[in-house]
Structures are given as C-alpha cells and as structure tokens.
Amino acid sequence: MVAVGGTGTAHGHAEREEHDHGHEGDAHDHAHSHDHDDQIYQGYFEDDQVKERGLSDWAGDWQSVYPYLQDGTLDPVMAHKAEHGDKSADEYRAYYEIGYRTDAGRIAIDGDTVTFYEQGEPIEARYASDGYEILTYEKGNRGVRFIFEKTGGDEAAPRYIQFSDHKIAPEAADHYHLYWGDDRAALLEELTNWPTYYPSSLSAEEIVAEMMAH
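Nothing here was measured: the structure is a model prediction, and the numbers come from that model.

Conventions and cut-offs
Residues numbered from 1 in each chain as written. Predicted model: local features only at pLDDT ≥ 70, side-chain atom pairs only at ≥ 80, totals over all residues. Heavy atoms only, no water. Helix = DSSP H or I, 4+ residues; strand = E, 2+ residues; numbered from the N terminus. Buried < 20%, exposed > 50% of the residue type's maximum accessible area, 1.4 Å probe, protein only. pLDDT = per-residue confidence, 0-100. Contact = heavy atoms within 4.5 Å. Phe/Tyr/Trp six-rings, centres within 6.5 Å; stacked < 30°, edge-to-face > 60°. Lys NZ or Arg CZ within 6 Å of the ring centre and 35° of its normal. Salt bridge = Lys/Arg side-chain N within 4 Å of Asp/Glu carboxyl O. Arc of directions from axis to C-beta. Axes fitted to C-alpha atoms, helices over the stretch in contact; angles between N-to-C directions. Parallel < 35°, antiparallel > 145°, perpendicular 65-115°, else oblique. Nonpolar A, V, L, I, M, F, W, Y, C, P; charged D, E, K, R; others polar.

Moving on: unusual backbone geometry. In the Ramachandran plot, Q119 falls in the positive-phi region, its phi being about 55° despite a non-glycine side chain. Secondary-structure assignment places Q119 in the loop between β3 (113-118) and β4 (121-136). Judged by relative accessible area, Q119 falls into the exposed class, the value being 67%. Phi at H166 is positive, roughly 70°, even though this residue is not glycine. With respect to the secondary-structure elements, H166 resides in the loop between β6 (160-164) and β7 (176-181). The exposure class assigned to H166 is buried, which follows from its relative accessible area of 4%.

Structure (structure tokens):
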C-alpha cells in the first residue's frame, strides 16, 4: 500500500496549480468571505492561519474517483479543464491517470480507525495525529498535509497517512487527496500520485458536477 514514488517539488500539485490565479492581498480581511475561502483553496494563506485538525474532519465512507476516470465518466471534466487550462483533454486525462491511480477503491474512517479496501478486501488500523507540514509549490502557492501515524492494527496498513483537502483549519472535508506509506519524509515529496476520494453517497454524476464547479 505504498504510493507511487514522487519526483520532488518542481512539478507542484495538480489541484493547487490549476487553481493558481495569482491572488494577492491580506488574507485576514473578510475572514468568512468567498474570496477568502477561494484564496485558501488556491494555496494562499499565512502560517498562523493553519490549525491542527482531528481525524474526525475526514470521518465517513469514501470512494476513489480513479474508476470514473478509467471508464470515461470524467471525460466531461477533462474537456472542461481543457477549455480553461493549458492542456488538451487527452493530456489532462493522462495527467490524472497518474494522479488518481490507486488500488484502494474505498476508504472508511470511523473514530481513530481507517479501513482501506483493496479489491474489496479490508486493511484496518488506528491512527493518531502527527501534526502537519506546510509545503511550498513551484508557483509560489502552498498546501498543508495533515499527518496521522499508525498506533495499531493490521501490519499491511501504512504507517503514515497524509491528507490534503485545500482546507487549513478544522472543517469537515468534502473531498480529499490521500498519501500513504511508511516513510513520512518521502511522502511529503510525493507530488505526482494523489489518490482522490469523494463521499461514497455521491453518484458519478454528482462527482462530475462537483469537479466542474471548481
């Protein structure tokens, strides 16, 4: 259950790069405004805005979006990105093929317990917070990895899991990118493979709508 090896910080993070529109300004003003939230989503915030988060922010049952990329469900999303980005739909599809790739089609988080389902088989372990790390990307925007370390459970479960969901303080996630493995520092260098999860309750069409809203 080790994530695909990364190639360093030069490539940046897919979601952060696509939402990098160069917003500037005082992030402390209008703390609850849409502009403020959008600015954080794109990776512009001050260190003192980052707060510890509990595993409860990611509680629930989650599905990987990788199968939807493979079966063509996300083709409208790739076309949408091509209309607004610097790649063709096929280039975006190839990019996300690496980004979304995972064997863990479902993840369930309940209390301190995380269960990975690989080919439908559960791998379960308990996790405790191991703080967070702030990463700076090539374009100057930043992201936060919220890190949890295994305290017990199946030997096959990863020692570390790291969440990235464009939020920087306690708030329930609506989707997230998850990195996992046994080397905390190496995971922080991983920027090319970021398995992505949405609530299992969402239909394929609802996930497409969510993605195109961003």
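Per-residue pLDDT for the chain averages 86, and the proportion of residues at 70 or more is 84%. Here residues 1-33 is a poorly scored stretch, pLDDT under 50, and it has 90 contacts once near neighbours within four places are set aside; other chains count.

Counted by the stated rule, this structure contains 14 aromatic pairs. Linked through ring pairs, W58, W62, Y132, F146, F148, F163, Y176 and Y197 together constitute an aromatic cluster. Over the ring of Y117 we find R106; its NZ or CZ atom is 4.2 Å from the centre of that ring. Directly above the ring of Y179 sits R145, whose terminal nitrogen or CZ lies 3.5 Å from the centroid.

This part takes up the pattern of salt bridges. This structure, assessed with the given rule, holds 12 salt bridges. As a salt-bridge pair, D47 and R142 come within 2.8 Å of each other at their nearest N and O atoms. In this pair, D47 is assigned in the loop between α2 (34-41) and β1 (60-64) and R142 in strand β5 (residues 142-153), connecting sequence segments 95 residues apart. Looking at D47, the relative accessible area reads 47%, which means it is partly exposed. With relative accessibility at 17%, the residue R142 sits in the buried group. A salt bridge links R93 to D90; the nearest nitrogen and oxygen atoms lie 2.5 Å apart. In this pair, R93 and D90 are both assigned in helix α5 (residues 89-100), 3 residues apart and thus about one turn of the helix distant. We classify R93 as partly exposed; its relative accessible area is 24%.

Among the residues of helix α7 (residues 204-213), A204, I207, V208 and M211 are the ones counted as buried. End-on view of α7: buried residues confined to an arc of 100°, all on one side of the axis. In this structure, α7 carries E205 and A213 as exposed residues pointing more than 90 degrees from its buried face. On its buried face, α7 is in contact with β1, α3 (66-70), α4 (75-84), α5 and β8 (196-199).

Take the packing of α4 against α7 next. In contact at an axis separation of 9 Å, α4 and α7 are set at 10° when each is read in the N-to-C sense. When the axes of α4 and α7 are compared, the pair comes out roughly parallel. Taken together, the residues of α7 that come into contact with α4 (itself represented by P76, V77 and H80) are V208, M211 and M212. Split by residue class, the contact of α4 with α7 holds 5 nonpolar, 1 polar and no charged.

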